[in-house]
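For reference, the chains in residue letters:
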Amino acid sequence: MVRVGVLALQGAFREHLSALDFLGAETRRVTRPEHLPGLDAIVLPGGESSAMVRLAAGTGLFPVLGRTIRAGLPTFGTCAGLILLADRLGDDSLDGYDRLGGLDVTVARNAYGRQRESFSAPVAITGLTGDFTATFIRAPRILDCGPGVEILARHDGHPVLVRAANVWGASFHPELGEDLRIHAEFLHHLGAAV
Ligand code: GLN
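Here we summarise the structure given alongside this text.

Calculation rules
- Residues numbered from 1 in each chain as written.
- Predicted model: local features only at pLDDT ≥ 70, side-chain atom pairs only at ≥ 80, totals over all residues.
- Heavy atoms only, no water.
- Helix = DSSP H or I, 4+ residues; strand = E, 2+ residues; numbered from the N terminus.
- Rg over C-alpha atoms; globule rule 2.2 N^0.38 Å.
- Buried < 20%, exposed > 50% of the residue type's maximum accessible area, 1.4 Å probe, protein only.
- Contact = heavy atoms within 4.5 Å.
- Areas by Shrake-Rupley, 256 points an atom, 1.4 Å probe, with all protein chains shown as cover.
- Lys, Arg positive; Asp, Glu negative; His and termini not counted.
- Charge placed at Lys NZ, Arg CZ, Asp CG, Glu CD.

**Brief notes about the overall build of the chain**
In terms of helices and strands, the chain carries 5 helices and 12 strands. Computed over the C-alpha atoms, the radius of gyration of the chain is 15 Å, within 12% of the 16 Å expected from 2.2 N^0.38 for a compact globule of 194 residues. C-alpha atoms of the chain, sized along the principal axes, occupy 40 × 40 × 35 Å. When each of the 194 residues of the chain is scored for burial, the buried share is 52%. When contacts within the chain are restricted to residue pairs at least 6 apart in sequence, those whose partners lie at least 24 apart make up 63%. For the chain, the exposed surface amounts to about 8400 Å²; the carbon and sulfur share of it is 49%. If you average the places of the 18 positive and of the 21 negative side-chain charges in the chain, the two averages end up 4 Å apart.

Function cannot be inferred from these measures alone, as they are strictly geometric.
In structure tokens, the structure reads:
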């Protein structure tokens, strides 16, 4: 059985834990560096990235996790999780805090509008048959991607699901709702890797 950690500082971590449990993974909440050894993968949920970086400060988690991701730990960041993984941010709002990095993209926080402008939209995803209904909540926009980044889905011309080597990022929330095909894809790739 694959062991998947979910960053559980803040945000929609319970929904990811249920999705991964349902799909048969062994799950573990991650809030400190000592929760990392033995994991086959980690998921970084949506929520509020500025709260996450504050809660992580002083735990030592992000420096260790960032190195572990760069060393190859399969990682899936969604929404705020994508913001943690982006190598570059479009503004300085999180300057001074440890993030993670590891995904060669530039991301603009809150570029899809405010909470009340949240929306769902069908997106076509490489490898999946039939559209996926993607929910965007104060979502980050992927402004550009480095050459090693594969774009698996776009909305309105902008990348919304990307993958580079071991690191996946989504600007929407794939854990909300009943459709767990993206989690299943991530676990499937993992099955091949571990
Ligand atoms: N706007 C949030 C942030 O900047 C992300 C929103 C989300 O994860 N749904 O962290």
